[in-house]
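Reading the structure
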Amino acid sequence: MNIGEVIKCRRQKRGITQAELAALLNITPQAVSRWEMGISYPDIAMIPKISEALWVTADELLGVDPTKVNRGQELKLPESEPLDTERISKDYTEVSLSQNQVDDIFQYVPVPISGESKKVLVVDDADFMRMMLEDILMKHGHTVLQARNGQEGLDILEREKVDVCVLDIVMPVMHGIEALRRMKEMQPDLKVVMLSALSQESNVRKALHLGAAAFVAKPFQAETLMERIG
């Protein structure tokens, strides 16, 4: 399904009208109707608000198949590297943590957002999510590089020196947990902020163990991400 079809499906499942959704998003009902008909698409900055209003993750909105999460399918590493301890948790019935619970595990201490410009590598397989993140980051004065999966992210790090990496977990070719491990081996001082709907405690603790600086749970607020980038 495209994003408009997902919005329509989730809106109907919640039992709210187009007008009610529009009121939640502070837009016109006609805009919602155009999304659902595929005439136009939401602005990338609207995705976090739509996620919250419809009780849907950004991954679902942007095309990640939720059945791969709900059925507990495992994302395997390549057969040549059977690192069981680095695999994403199989137990997707495990309750996802709230951002506050994630922050407790990371012992996160809020700090003011720095005005310093950084070079940020965004690694996410969803085109729409990368566009949204680029828009958010550039508005805060950062330079953005993009990669569609962990392997592409590693390839960029071989050529570029970056300050921060924003890293998804569910991706083809190489998922984010394995990419995190390799990135920290390649550049130990690299600040990596995980950004994923897979905020089960096991995955959060694994990211912390492998050297992530923070973990932001999708759906997310832009301010939450920017605070953790620093």
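Structure report, in brief. (Residues numbered from 1 in each chain as written. Predicted model: local features only at pLDDT ≥ 70, side-chain atom pairs only at ≥ 80, totals over all residues. Heavy atoms only, no water.)

1. So, the overall build of the protein
Check the secondary structure of the protein and you find 12 helices and 5 strands. Buried residues in the protein amount to 50% of all 230 residues. In the protein, of all internal contacts separated by at least 6 residues, the share reaching a separation of at least 24 is 68%. With the model as given, the accessible surface of the protein reaches about 11200 Å², and the carbon-plus-sulfur share is 50%. (Helix = DSSP H or I, 4+ residues; strand = E, 2+ residues; numbered from the N terminus. Buried < 20%, exposed > 50% of the residue type's maximum accessible area, 1.4 Å probe, protein only. Contact = heavy atoms within 4.5 Å. Areas by Shrake-Rupley, 256 points an atom, 1.4 Å probe, with all protein chains shown as cover.)

2. Focus: the nonpolar core
In this structure, Leu61 and Phe220 are the most contacted members of the largest nonpolar core, which totals 38 residues. Of all the elements, helix H8 (residues 127–139) adds the most residues to this core, at 5 residues. Phe220 has contacts with Pro48, Met129, Met132, Leu133, Ile136, Leu195 and Leu225, leaving out every residue within four places of it along the chain. The next biggest cluster of nonpolar side chains, apart from the first, holds 30 residues, and it includes Leu97, Ala147, Leu198 and Val204. (Core = buried A, V, L, I, M, F, W, Y, C linked by side-chain atoms within 4.5 Å.)

3. Considering the sheet that holds strand E3 (residues 164–167)
Taken together, the 5 strands give an open sheet; going across it, the order is E2-E1-E3-E4-E5, and neighbouring strands pair in parallel fashion. Of all the strands in the sheet, the pair left with one neighbour each is strand E2 (143–147) and strand E5 (214–217). Across this sheet, the average inter-strand angle for adjacent strands is 20 degrees, counted without regard to direction. The sheet contact formed by strand E4 (residues 191–196) and E5 spans 4 bridges and is parallel. Within E5, the residue paired with Leu195 across the bridge is Val216. (Pairing = 2+ DSSP bridges. Axes fitted to C-alpha atoms, helices over the stretch in contact; angles between N-to-C directions.)

4. A word on the packing of helix H1 (residues 3–14) against helix H4 (residues 47–54)
Running from amino to carboxyl end, H1 crosses H4 at an angle of 30 degrees, the nearest separation of the two axes being 10 Å. Regarding the angle of H1 to H4, the classification is roughly parallel. Of the residues in H4, those touching H1 at Ile3, Ile7, Arg10, Arg11 and Arg14 are Ile47, Ile50, Ala53 and Leu54. Here the contact of H1 with H4 is composed, by residue class, of 6 nonpolar, no polar and 3 charged. (Parallel < 35°, antiparallel > 145°, perpendicular 65-115°, else oblique. Nonpolar A, V, L, I, M, F, W, Y, C, P; charged D, E, K, R; others polar.)

5. A word on the pairing of strand E1 (residues 119–123)
Within E1, 4 of the 5 residues are buried, which leaves the element mostly enclosed by the surrounding structure. In this fold, E1 hands off to H8, which returns the chain to E2; that crossover is right-handed. Bridging between E1 and E3 involves 4 bridges; their strand directions are parallel. Each residue of the ladder has a partner; that of Val120, found in E3, is Val164. (Right-handed = clockwise from strand over helix to strand, strands pointing away.)

6. Here we look at the packing of aromatic side chains
Throughout the structure, instances matching the rule amount to 0 aromatic pairs. We note Arg228 situated over the ring of Tyr108; from NZ or CZ to the ring centre the distance is 4.0 Å. (Phe/Tyr/Trp six-rings, centres within 6.5 Å; stacked < 30°, edge-to-face > 60°. Lys NZ or Arg CZ within 6 Å of the ring centre and 35° of its normal.)

7. Some remarks on the side chain of Arg228
Structurally, Arg228 can be placed in helix H12 (residues 222–229). Using a relative accessible area of 5% as the deciding quantity, one classes Arg228 as buried. Filtering out sequence-adjacent residues up to four positions away, Arg228 remains in contact with Gln99, Asp103, Tyr108, Lys191, Val193, Ala214 and Val216.

8. Regarding the side chain of Gln99
For Gln99, the position within the fold is in helix H7 (residues 99–106). Polar contacts involving the side chain of Gln99 include one to the main-chain carbonyl oxygen of Phe215, which spans 3.0 Å. (Polar contact = N/O pair within 3.5 Å; in protein donor to acceptor, adjacent residues only side chain to side chain.)

9. Some details on the packing of helix H9 (residues 150–159) against helix H10 (residues 176–186)
Think of two packed helices as two axes; the pair is described by the angle between the axes and how far apart they sit. At their nearest, the axes of H9 and H10 sit 10 Å apart, and the two run at 10 degrees to each other. Looking at the two axes, H9 sits roughly parallel to H10. Contacts from Gly150, Gln151, Gly153, Leu154, Leu157 and Glu158 of H9 reach H10 at Ala179, Arg182, Met183 and Met186. Class assignment of the residues belonging to the contact of H9 with H10 gives a composition of 5 nonpolar, 3 polar and 2 charged.

That's the geometry; what it means functionally is another story.
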